[in-house]
Amino acid sequence: MLKIGIIGVGNIADEHIRGYLEFPEQCEIVALSDLSAEKAEAKRVRFGLEGAVVYSDAERLIADAGVDLVSIATPPSSHAEFSIAALRAGIHVIVEKPMAASVEDCDAMLAAQRESGRLLSVIAQNRFRDDLMILKEVLDSGLIGSISHVRIDSAWWRGLPYYDLWWRGTWESEGGGPTLNHAIHHIDLSLWLLGRPEAVVSMITNVQHDNAEVEDLSVAILRYGRALAQLTSSVVHHGERQEIVIQGERAQIAQPWSVAADSAQPNGFPQRGGNRELVTEIEAVAAAHRPLPHVGHTGQIADVLDAIATGRAPAVGGEDGRSAVELVTAIYESGIEGAVVHLPLRPDDPYYRTGTLVERAPRFYRKRESVYDQDGAIIVGASTV
Ligand SMILES: NC(=O)c1ccc[n+]([C@@H]2O[C@H](COP(=O)([O-])OP(=O)(O)OC[C@H]3O[C@@H](n4cnc5c(N)ncnc54)[C@H](O)[C@@H]3O)[C@@H](O)[C@H]2O)c1
């Protein structure tokens, strides 16, 4: 029976707790920690975690609770410190996205993971979704041919109070705006689906949130050989209409699911839907998808529990989390410096280092309000998908 600790019991911690509670034969939550012990106690009671001990600091939980695996669900600026401390204490780690606020911090986490021989998994719960698995399975089948263009709309909407929460809206503690904190889901998916781009160019701005230093909108172009992708990262999109549209040589596929395959007339003009055979073949690959037994955070937790039990690597490891932070960093670097940024980001690139973003990023606005807690439900994932 694995003993589980949760560090940071705010909004997203609920998804972790619910996930672990799905597997009572394999694990038990024995410890919770938060800056606010009352908050941790309230969560303990709400989820009926009878035997769990509440700690008011994470270091004590790591040192004293005797846990085998911790979920770290604190603000991004503390992910590296807590992950490294847990790994060094011989504890497996699931850490929320973004893995850390710099590639340098990600590398320190990876080094701690290698030295400890323990497992490090970075939350990427969208990889554990049937619709996105279908997109990947069809793409991997090769049926659409070589990729020409990809449009990724990581479209979210957040009202002004969103950035009033104490740790949001500053480069120092949130690490960035929606490019880092929201679109990282799609950025991770782009890496999973397409691999690492060779070059990035972007613009970043803040159009609507006058209580945040950070961007609320960025638009990036990513180059993969001759293919291009367009990535919008936003918290200003009403309706949160999120889409991934992949144009291949022979067909287009998209999430939410759709497929189209034109053929050419003798003059090259399109015969709309002309390649019906290919559409049928692609639909058959999509229909052959076997639904996942567990989805989202619970799916990723199931994977980690199995990885620990069998001694294999998790489906989403520290390298994956690092790649996502690297691509986000390249988008910021391009937007701030007005330059094309080439990947991989080398350790001698100033933006590799912790602190450069904080030093050089524009303060779009001064953060005015700061509240410790807020009422209201949180929505995990876009409200439309
Ligand atoms: N995977 C997703 O879909 C998803 C969704 C929302 C948030 N997140 C991520 O989860 C993390 C937390 O976000 P949230 O929305 O739950 O924030 P939150 O503010 O609701 O919760 C964070 C909690 O961590 C606690 N905390 C802060 N510093 C701490 C410390 N030093 N020691 C112990 N506890 C500490 C706070 O008191 C708070 O209760 C962030 O990295 C965020 O990006 C992920």
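Preceding this paragraph is the structure being described.
Residues numbered from 1 in each chain as written. Predicted model: local features only at pLDDT ≥ 70, side-chain atom pairs only at ≥ 80, totals over all residues. Heavy atoms only, no water.

### Thoughts on the packing of helix H8 (residues 184-194) against helix H11 (residues 318-337)
Thinking step 1. One can describe the packing of H8 onto H11 by two numbers: an axis separation of 9 Å at closest approach and a directional angle of 110°. When the axis of H8 is compared with that of H11, the two are roughly perpendicular. Both H8 and H11 take part in a crossing whose hand is right-handed. Between H8 and H11, the contacting residues are Ile-184, Ile-187, Asp-188, Ser-190 and Leu-191 on the first element and Asp-320, Ser-323, Ala-324, Val-325, Leu-327, Val-328 and Ile-331 on the second.
Thinking step 2. Broken down by class, the residue content of the contact of H8 with H11 amounts to eight nonpolar, two polar and two charged. (Axes fitted to C-alpha atoms, helices over the stretch in contact; angles between N-to-C directions. Helix = DSSP H or I, 4+ residues; strand = E, 2+ residues; numbered from the N terminus. Parallel < 35°, antiparallel > 145°, perpendicular 65-115°, else oblique. Left-handed = near helix turned anticlockwise from the far one by under 90°. Contact = heavy atoms within 4.5 Å. Nonpolar A, V, L, I, M, F, W, Y, C, P; charged D, E, K, R; others polar.)

### Regarding the site of the ligand
Thinking step 1. As a matter of local geometry, the ligand sits amid 26 residues, with Asp-34, Lys-39, Lys-97, Gln-125 and Trp-167 nearest to it.
Thinking step 2. In this structure, Glu-96 approaches the ligand through a side-chain N or O atom, which is 3.0 Å from a nitrogen atom.
Thinking step 3. Measuring from an oxygen atom of the ligand, one finds a side-chain N or O atom of Tyr-372 at 2.9 Å.
Thinking step 4. When the free accessible area of the ligand is taken as 840 Å², the share hidden by the protein chains comes to 90%.
Thinking step 5. Among the residues making up the shell around the ligand, the classes are represented as 13 nonpolar, eight polar and five charged. (Near = heavy atom within 4 Å. Polar contact = N/O pair within 3.5 Å; in protein donor to acceptor, adjacent residues only side chain to side chain. Areas by Shrake-Rupley, 256 points an atom, 1.4 Å probe, with all protein chains shown as cover.)

### Section: the packing of aromatic side chains
Thinking step 1. All told, the structure shown has three aromatic pairs when counted by the stated rule.
Thinking step 2. Geometrically, the ring pair formed by Tyr-162 and Tyr-163 is edge-to-face, given 5.1 Å between the ring centres and 90° between the ring planes.
Thinking step 3. Exposure remark for Tyr-162: the relative accessible area of 17% places this residue in the buried category.
Thinking step 4. Ring geometry for Trp-171 versus Tyr-332: centroids 5.2 Å apart, planes at 80°, classification edge-to-face. Highlighted residues: Trp-171 in the loop between strand E7 (147-155) and helix H7 (178-181) and Tyr-332 in helix H11, separated in sequence by 161 residues.
Thinking step 5. Among the residues examined, Tyr-332 registers a relative accessible area of 0% and is labelled buried.
Thinking step 6. Above the face of the Tyr-162 ring, Arg-168 is positioned so that its terminal group lies 3.9 Å from the ring centre. (Phe/Tyr/Trp six-rings, centres within 6.5 Å; stacked < 30°, edge-to-face > 60°. Buried < 20%, exposed > 50% of the residue type's maximum accessible area, 1.4 Å probe, protein only. Lys NZ or Arg CZ within 6 Å of the ring centre and 35° of its normal.)

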